[in-house]
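Breakdown of the fold
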Amino acid sequence: MGITVGFDLDMTLIDPRPGMVAALDALAEESGLPLDGEHFAANLGPPLDAVLRGFEAPEERIPGLVDRFREIYPELVVPSTVALPGAHAALDAVHRAGGRTVVVTGKFGPNAARHIKALGFEVDVLVGELWSTGKAAALTEHGAEVYVGDHLGDINGALAAGAVPVGVTTGPCSRAELLEAGAEVVFDSLAEFPAWLAGLSPRA
């Protein structure tokens with residue numbers, strides 16, 4: 001039985017920042033609220049409702065704002081999103097080792113699926129709308145022994161699931177921050193992942 005490896009999506013497998021800027025700025029214009037697309041895109045990770053609260057959006061408007069963002073997302077974000085260096089190779093390495101890939105993301109599931117399809121990622125399981133330690137339930141359910149992410153929330157989720165926490169510095173968190181949070185190893189990019197995976201001790 002091969003290893004099961006979990007991956008975060010935004011800034012771990014994909015770089016959606018240009019589209020995220022455009023989408024949140026469009027939402028700001030529509031809503032009349034002071035939302036900052038550049039700040040949002042530079043700090044991807046937390047769920048959108050938390051982001052909107054950070055911009056002091058009125059609580060009663062947040063559900064509608066989230067729905068509208070999800071509506072405009074496919075047109076504004078998916079076409080401009082690119083795979084991060086090593087993303088395809090990392091997924092392929094798991095499958096070559098006889099393993100399974102599980103993407104667990106805070107992103108709205110249908111939009112996450114659009115990215116996976118558009119970029120041709122080979123993913124066995126996708127679970128959306130989970131953040132930080134909330135990811136542990138899905139990681140545990142699908143037997144993930146490793147979880148790879150760019151954010152401190154991803155490291156927390158891996159630790160909560162008893163999975164090996166692997167960091168990558170392609171997102172907002174530094175190597176030192178990821179290590180301090182508990183990452184066992186931190187890569188500059190996923191291009192380093194296949195060699196590391198090949199060196200792992202076989203699992204029982």
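First, a word on what this report is: a plain description of the structure on this page. (Residues numbered from 1 in each chain as written. Predicted model: local features only at pLDDT ≥ 70, side-chain atom pairs only at ≥ 80, totals over all residues. Heavy atoms only, no water.)

**Thoughts on the pairing of strand 1 (residues 4-7)**
Within a regular strand, side chains alternate between the sheet's two faces. Formally: Relative accessibility decides the category of a residue: with a 1.4 Å probe and only protein chains considered, values under 20% of the type maximum give buried, values over 50% give exposed, and everything between is partly exposed. Working definition: helices are DSSP H or I runs of at least four residues, strands are E runs of at least two. Numbering for both runs from the N terminus. Pairs of strands are assigned from DSSP output, requiring at least two bridges between the strands.
Neither face of strand 1 is open: one carries Thr4 and Gly6, the other Val5 and Phe7, and all of them are buried. With 3 bridges joining them, strand 1 and strand 6 (residues 146-149) adopt parallel strand pairing. Of the residues in strand 6, the one forming a bridge with Gly6 is Tyr147.

**Side note on the pairing of strand 7 (residues 164-168)**
In terms of residue burial, strand 7 counts as a mostly covered element, since 5 of its 5 residues are buried. Neither face of strand 7 is open: one carries Val164, Val166 and Val168, the other Pro165 and Gly167, and all of them are buried. Here strand 6 pairs with strand 7 via 4 bridges, running parallel. The residue of strand 7 that forms the bridge with Gly149 is Gly167. Sheet analysis places strand 7 next to strand 8 (residues 185-187), joined by 3 bridges and oriented parallel.

**Considerations on helix 1 (residues 17-31)**
Owing to its 3.6 residues per turn, the α-helix brings residues three or four apart onto one side. Threshold: Working rule for helices: expected span equals 1.5 Å times residues minus one. In what follows, a contact means two residues having at least one pair of non-hydrogen atoms within 4.5 Å.
Taking 1.5 Å per residue as the helical rise, helix 1 with its 15 residues ought to reach 21 Å, and the 21 Å between its terminal C-alpha atoms agrees with that figure. Along helix 1, the residues classified as buried are Gly19, Met20, Val21, Ala23, Leu24, Leu27, Ala28 and Ser31. Those residues of helix 1 that are buried are in contact with helix 2 (37-42), helix 3 (48-54) and helix 4 (62-76). Phi turns positive one or two residues past the end of helix 1, at Gly32, with a value near 75°.

Bear in mind that shape data such as this cannot, by itself, settle questions of function.
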